[in-house]
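Chain by chain, the residues:
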Amino acid sequence: MQVDLYKHKGMRRALVKQLRDKGIRDERVLAAIETVPRHFFFEKAFLEQAYQDKAFPIGEGQTISQPYTVAFQTELLKLKPTDKVLEIGTGSGYQCCVLLQLTPKVYTIEYNKPLYEKAVKFFKTYGLFPHTFHGDGSQGLPAHAPYDKIIVTAGAPGIPKTLVSQLTIGGILVIPVGGESSQKMLRITRTGENDFTREEFADFKFVPLLGKSGWEADNL
Ligand code: SAM
């Protein structure tokens, strides 16, 4: 278990300033980033890296997303404190902890077993209680649907129909969609039973979404 000292809080304030300068405007999202100790997700030797605005390897060929990306996706979700949110791609658990600052109803699913087990252990150590699942999140998590918000933290080849079907009416899906080298951030809003609006934002680079509605592992 790591500690959160005054110097770490200072490093987070500097990170939040960078995010503000890069265009993140939602004060609740910025406050969440300022609250969650990102260095808890890193080995002690990598303290500097924890507060740089960069993605970083977490093992198993995966990454903890860049803080700007976490802030950007979280801002697009327009989270309310009563929202039930599904995160696809738990990874290190960092994005999940940011979501937990904004709503207590967080469901998160991870495909990679060792990463899933590590994240579960992390949440337990720090007394956090998201609903954690191991499995193929490209199919969503139908057993607990519907969700007010769904966030996908890996790059998808398309928008899985099964995911949008698990949104409430008025619900929002934030998902990076594109090829292997870059993906466009999309926000899909379910406006009716079979009606959706689609908004496109900047390009990002994510690790691939695996599973049935993602890029099959064999093709990578
Ligand atoms: N949100 C994570 C964090 O804060 O550390 C970053 C996630 S990393 C960029 C993407 C994650 O998605 C990886 O941990 C990867 O194993 C996971 N992933 C890929 N395909 C998945 C799938 N079909 N279902 C669930 N998780 C998946």
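Residues numbered from 1 in each chain as written. Predicted model: local features only at pLDDT ≥ 70, side-chain atom pairs only at ≥ 80, totals over all residues. Heavy atoms only, no water.

Engineer: Is there a simple way to explain the pattern of salt bridges in this structure?
Structural biologist: Side-chain pairs of opposite charge can arise where the charged atoms are in close proximity. Within the structure shown, the criterion is met by 11 salt bridges. Salt-bridge contacts for Lys149 lead to Asp83; the nearest nitrogen and oxygen are separated by 2.6 Å. Placement of the pair is Lys149 in strand β6 (residues 147–152) and Asp83 in the loop between α4 (67–77) and β3 (84–88), with a sequence separation of 66 residues. In this structure, Lys149 and Asp83 share a single accessibility class: buried. Ionic pairing is found between Lys113 and Glu117, a salt bridge with its closest N-O pair at 3.8 Å. (Salt bridge = Lys/Arg side-chain N within 4 Å of Asp/Glu carboxyl O. Helix = DSSP H or I, 4+ residues; strand = E, 2+ residues; numbered from the N terminus. Buried < 20%, exposed > 50% of the residue type's maximum accessible area, 1.4 Å probe, protein only.)

Engineer: Mind showing me how you'd approach the UniProt feature "active site" (unreviewed entry) in the chain here?
Structural biologist: As annotated in UniProt, the feature "active site" (unreviewed entry) corresponds to Ser65 in the numbering used here. In this structure, Ser65 sits in the loop between β2 (62–64) and α4. Other than its neighbours up to four places away in sequence, Ser65 contacts Arg38, Lys54, Ala55, Val70 and Phe206. (UniProt positions renumbered as here; feature names shortened; annotations may be inferred. Contact = heavy atoms within 4.5 Å.)

Engineer: Hey, could you run me through the sheet that holds β3 in this one?
Structural biologist: Strands belonging to one sheet form pairs held by backbone hydrogen bonds; the direction of such a pair is parallel or antiparallel. Read from one edge of the open sheet, seven strands run β5-β4-β3-β6-β7-β8-β9, paired in mixed fashion. A strand with exactly one partner marks an edge of an open sheet, and here the two such strands are β5 (131–134) and β9 (195–204). Sheet twist, expressed as the mean angle between neighbouring strand axes with direction ignored, is 15°. The pairing of strand β8 (residues 183–192) with β9 spans eight bridges and is classified as antiparallel. Along β9, the bridge assignment pairs Lys184 with Asp203. Packed on one face of the sheet, α4 meets β3, β6, β7 (167–178), β8 and β9 and runs near 150° to β7. Here helix α6 (residues 113–125) sits on the sheet and contacts β4 (105–110) and β5; the angle it forms with β5, its principal contact strand, is near 165°. (Pairing = 2+ DSSP bridges. Axes fitted to C-alpha atoms, helices over the stretch in contact; angles between N-to-C directions.)

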